[in-house]
Amino acid sequence: AQTVTQSQPEMSVQEAETVTLSCTYDTSENNYYLFWYKQPPSRQMILVIRQEAYKQQNATENRFSVNFQKAAKSFSLKISDSQLGDTAMYFCAFMDNNAGNMLTFGGGTRLMVKP
Amino acid sequence: GAVVSQHPSRVICKSGTSVKIECRSLDFQATTMFWYRQFPKQSLMLMATSNEGSKATYEQGVEKDKFLINHASLTLSTLTVTSAHPEDSSFYICSARRGGGRSNEQFFGPGTRLTVL
């Protein structure tokens, strides 16, 4: 079974600065995807960024980028130029392509962006 | 595109009654839908996976007779909490996987808050 660990329950960052959220996972699979989801106070889950394990290049989406270290099974999220609207819970998630596309979520990191 | 709705968004019921939650994919056909449960300040826990036209697959520890899942069409899955008890109070979230294309992405509904008195 896969496990996903987010070691930072809470983090804070000043507006306009950069913050990195950590995520590690454990799997014996080679064909998988990794995701970061954002859950704002509305509780709607929003996909932030995705990474395919077979791609070595780190995914980027505007102010969001990841540092994917496959050998270390690490998948951190970097948020640049933090905005007040980035305040939310962030969940790292793992999907095994051979297991019915089920998502396994980490415990989450609560991010507070301070003005 | 890829919008998933849930109804109702909030429901309060008495202990012992049954509650049905609907999950609909509005602009795509969902071959697979997933049901999650989220307790306050916790992560999402997968309850079950439902495939259109077949029986749902439940995760370990989830009572299939208590949480009835029906996926009767490619756009609708329902979760019925039977004989609800206060400990069933939680936030229930569904997601839908679109068949074909980038089929590994799940699209989430806005969730349903269930309170059992």
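Residues numbered from 1 in each chain as written. Chains lettered and ligands numbered in written order. Predicted model: local features only at pLDDT ≥ 70, side-chain atom pairs only at ≥ 80, totals over all residues. Heavy atoms only, no water.

(A) Region of interest: the state of the cysteines. For the structure on display, the rule yields two disulfides over all chains. A sulfur-sulfur distance of 2.0 Å marks the disulfide that ties A:Cys23 to A:Cys92. Between A:Cys23 and A:Cys92, the disulfide has an S-S torsion of -70 degrees and is therefore left-handed. Highlighted residues: A:Cys23 in the loop between strand S3 (19-21) and strand S4 (24-26) and A:Cys92 in strand S10 (residues 88-96), separated in sequence by 69 residues. Assigned by exposure class, A:Cys23 and A:Cys92 land together as buried. Note on cysteine connectivity: B:Cys23 is disulfide-linked to B:Cys94, with sulfurs 2.0 Å apart. Taking the sign of the S-S torsion, about 80 degrees here, the bridge from B:Cys23 to B:Cys94 comes out right-handed. Of this pair, B:Cys23 sits in strand S3 (residues 19-25) while B:Cys94 sits in strand S9 (residues 90-98); the two residues are 71 residues apart in sequence, bridging distant segments of the chain. (Disulfide = S-S within 2.5 Å. Helix = DSSP H or I, 4+ residues; strand = E, 2+ residues; numbered from the N terminus. Buried < 20%, exposed > 50% of the residue type's maximum accessible area, 1.4 Å probe, protein only.)

(B) Just the layout of surface pockets, in detail. Considered as a void within the structure, the largest pocket measures approximately 490 Å³ in volume. Along its surface, the largest pocket is lined by 23 residues, and B:Leu44, B:Met45, B:Leu46, B:Met47 and B:Glu59 are the ones closest to its centre. Sorting the residues of the lining of the largest pocket by element identifies S10 and strand S11 (103-105) of chain A together with strand S4 (30-38) and strand S5 (44-51) of chain B as the ones contributing at least two each. In terms of residues, the lining of the largest pocket owes the most to one element, S5(B), which gives four residues. For the lining of the largest pocket, the residue count by class is 14 nonpolar, five polar and four charged. Lining the second largest pocket are 17 residues, and of these A:Gln39, A:Pro40, A:Pro41, A:Met89 and A:Arg110 sit closest to its centre. Class assignment of the residues belonging to the lining of the second largest pocket gives a composition of nine nonpolar, four polar and four charged. (1 Å grid on protein atoms, 1.4 Å probe; cavity = no way out; pocket = protein on both sides within 12 Å on 5 of 7 lines; lining within 4 Å. Points joined across faces, edges and corners; volume = space filled by probe spheres on them. Nonpolar A, V, L, I, M, F, W, Y, C, P; charged D, E, K, R; others polar.)

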